[in-house]
Every structure is written in C-alpha cells, then in structure tokens.
Amino acid sequence: MRDKGSDLLEKTGTVPDQMLYLAGDAKTVEAMSGLPAREPFAGDILRYLSEVSKALMADTRTRNYPDVVTFAFWIRRASLEEMKARFPARESTVRLGRGITFHIAPSNVPVNFAYSLAVGLLTGNACIVRVPQLEFAQVGIIADAFRTVAGNSGMSGQGDYLALVRYGHEQEINDLFSGMADIRIIWGGDTAIGKIRRSPLKPGSTDLTFADRYSVAVVDADAYLKRDDKDRMAQEFYNDTYLMDQNACTSPGIVIWTGTQRETAKAQFWDRLYREVCERYTFQQIQGVDKLTAAYLVAARVKGAQVICHGDNRLVRVSVPKVDAGLMDLRTAGGFFLEYDCGDVMELKDLLNDRRCQTAGIWGSHDWLAPLLDAGIKGLDRITDTGHTMDFDLIWDGYDLVSALTRTVKI
C-alpha cells in the first residue's frame, strides 16, 4: 500500500500549478530516505560542484547576473578545497551528513537558494530546496546547471541528492517535506518562519533558522580619504546595497562615521555613490514613496534627525543624533541610509547588542569594534570589509554550518 506522502509526491510531480520541479522529480524525493549519508567535502561532491561552477561560467546568460558569477566563483574547485582545509576531520571521529535537508529560500534574494543547496551537499546531505516563487532568471540558470551536470557521464548518482521545487504556500506540501527532513533550514522573515513551523518535524529533527536581520557599515573617514580607489569603493558599496535593493540581511541600513574628517569624507563618498546609482540602478516610483515615508517616520521618532537631499530620491540619507536597535525598525530598502557620527564605539552598544544585528562592514580597522565584543554584546555575527558583506561563508549568522549539518561519530 502506498502511503499518503507517496501519493502526494506522485500527484505534485505531474501538476505544475501546485509544484514544479526545476531539478529532480517526485521519484527523486521518494528515494531520498534510502540514500546513504556522505562524508562532508567528499571527492565526488567537490567534483560535482566544481563542474557546476564551470557550466555556469560557460553559460552566456551568466554574464548578465553578477550574483550568479559570484556563486559560480564560490563553488569553483580552489574555493571548495580551501573550505575543506578549514574544517579538517578530528582524530577518532567520523563525520557524516544528517540525512535529508529541507531548505526554504527567501522570496526576495534570487541566489540564496543556491548557497543553501551547496552547503547541504558539501556537508553530505540530500537536499530538497524550495526556490523563490518569483521566476528570477538567476534561479533558472543555476537550476539548469545543476540538472545538466548531474546528467553528465562521470556524475552518476549526484542528481539523486537534490530536488529543486517551486510552489506557493500550500501547507500540505510543507507538511510532507518537513516530515521527511532531518534538518529544516528556513531563510526569511520572522513571519515566514512562523508559518513554516506550523508543519511539524519528526522526532529528533531540528530547525536552522535565519530570521530578520540588519547590518551596518562603519567608515573611518581619515582612512577613507587616504585611499586612491574611491570610485572602486563606491562600486563595492553599491554591490553591498543596491544590487539586492537592500533586501539582503547583509545590506547595511546605517552608515556610521568615525575619524576627524567626516564631513569631507561624506561629501566625496556619497557623491561617488550617487553617480554609481545613476549609472546602474533602475529606480521604481514605489520605492520613492517608501523612502519618503521612512524618512518622515525617522524624523518624527528621533528629535534632531535631518533628511539630506541629493536632487532626487535615488539616494536618501537621514542623519540621526543617536542610535538604538529600535531605530532599525524604521529602515526601508532601495537606497535608504541612516547616518550617524560616532565619537566612541560604546555609543553603538544598544544598536549592536540586538540579536537581529548581523554584519558590520568596515572601511578601517576591524579592531575598532573589539571593546563591544569584550563587553559581550549579543548581536553582531560577522565583521568584514565594506564591499564584501555579501560574501557567503560556512560560518553564517553565528552558526558553524558544517557542524550544524553533520553528525559526529565518536570512535
């Protein structure tokens, strides 16, 4: 007798308006429970991902999408070998994947699903990945590469470990995949996480959640003015922010200025960024309304806040005389930046002590934030160079993903 799960898999595998498979199919998912767990960074996994990287780089469509290029670069062979070297096996232990991972990707970041999938595969797991409902071109390009490479000679069995699916908010499907999962990985807002959690996991399974977060940029004005590559720095900051419409959790929503020559540095930095935005960014009218509304809300909440104009609202800055975690609830996307002049790093304690604070991108010394870490702040999981906040890593949001997605057998 076929169980309900098998019936649903067969049904959804042939009904595209309920669920569409971009890689794998219903039979792939059905068979996953019988697959052996694999060691992390196994040779066949590295070979498969590196071939996917080559396929993406060879695809003429990729050149139109910097985020796809970045992902392809991240899974190139040299990068994978470097990751493997960072997580060596420990003596008298064997590490294996936990089994089946069910990934729910965010709806507004096209390539996030691919990083989640790659991490699941690298750690030796089978992966069911719900891709964004919106039909981003990047999703199709990446799915094509994973599916095509899995069918190549020498890649036998690699396709058995992944299924990319697109569907809406049907809890029936969430229930099915959640009931199969040994690890459920949820990327998205707090509300989305709450909805997914209505679907129960089997005993012994666990959730790995990546909830609503915010990030900050810290610019040492004196260090900035000494740089000769200010145009490139504007391009990098654009990539951190406008490239994803500030929707990524890593995109800074506030710029914190330190140093003695702040006003001079601000004038040069924002002028260069504005020129970059005018050349590269596609502005939508609704964004203008959202940014104007956010500016008014900040002005109403924070006494002394000042809106700084740039001729139009492709770039909106609001200078604030104080910062706290509640201020970040007023941020919006599409080129809206709070701005704060900081004399002492401890002024940022409340802002960075919030668990929602994820990344600090810095132009200057990373050591500047050390007093806050020594004070035991509860937020801030990453400190990196501004221009590289989007760079994905196997340590993310405070999680060691290799440890979280594997089990260790003590011998």
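Structure: see above.
(A) Region of the structure containing helix α4 (residues 66–74). Taken residue by residue, α4 has Asp67, Val68, Phe71, Ala72 and Trp74 as its buried positions. Around the axis of α4, the buried residues are gathered within 160° of arc, so they sit on the same side. As for α4, its buried residues are in contact with α3 (43–58), α5 (77–86), α6 (112–122) and α7 (137–150).

(B) Expanded view of the pattern of salt bridges. The final tally for this structure, using the stated rule, is 26 salt bridges. Arg184 is the partner of Asp207 in a salt bridge, and the nearest nitrogen-oxygen pair spans 2.7 Å. In this pair, Asp207 sits in strand β7 (residues 206–210) while Arg184 sits in strand β6 (residues 183–187), placing the two residues 23 residues apart along the sequence. One salt bridge in this structure joins Asp271 and Arg275, with 3.2 Å as the shortest N-O distance. Residue Asp271 and its partner Arg275 are located together in helix α12 (residues 262–280), separated by 4 residues, close to a single helical turn. Put simply, Asp59, Arg61, Asp144 and Arg147 are held in one network by salt bridges that share partners.

(C) Seen up close, α12. Given a rise of 1.5 Å per residue, 19 residues ought to cover 27 Å, and the 26 Å separating the end C-alpha atoms of α12 matches this to within 8%. Taken as a whole, α12 has its buried residues at Ala265, Lys266, Phe269, Trp270, Leu273, Tyr274, Glu276 and Val277. Each buried residue of α12 sits inside an arc of 160° when the element is viewed along its axis, so together they form one side. Opposite its buried face, α12 presents the exposed residues Ala267 and Glu279, each directed more than 90 degrees away. Next to the buried residues of α12 lie α10 (221–226), α11 (230–241), β9 (252–258), β11 (316–319), β12 (336–341) and β13 (357–363).

(D) Representation of the nonpolar core in the model. Phe71, Trp74, Phe146, Leu164 and Phe177 are the most contacted members of the largest nonpolar core, which totals 75 residues. Leu330, Phe336, Leu351 and Leu380 belong to the second-largest nonpolar core, a separate cluster that totals 32 residues.

(E) Inspection of the sheet that holds strand β14 (residues 382–385) at higher detail. Taken in spatial order, the 7 strands of this open sheet run β10-β11-β12-β9-β8-β13-β14, and their pairing is mixed. For this open sheet the edge positions go to β10 (306–308) and β14, each flanked by a neighbour on one side alone. Ignoring strand direction, the axes of neighbouring strands in this sheet form an average angle of 25°. Summarising the sheet, β11 and β12 pair through 4 bridges and their orientation is parallel. Pairing of Arg317 across the sheet is with Phe337, part of β12.

Criteria and cut-off values
Residues numbered from 1 in each chain as written. Predicted model: local features only at pLDDT ≥ 70, side-chain atom pairs only at ≥ 80, totals over all residues. Heavy atoms only, no water. Buried < 20%, exposed > 50% of the residue type's maximum accessible area, 1.4 Å probe, protein only. Helix = DSSP H or I, 4+ residues; strand = E, 2+ residues; numbered from the N terminus. Arc of directions from axis to C-beta. Contact = heavy atoms within 4.5 Å. Salt bridge = Lys/Arg side-chain N within 4 Å of Asp/Glu carboxyl O. Expected span 1.5 Å × (residues − 1). Core = buried A, V, L, I, M, F, W, Y, C linked by side-chain atoms within 4.5 Å. Pairing = 2+ DSSP bridges. Axes fitted to C-alpha atoms, helices over the stretch in contact; angles between N-to-C directions.

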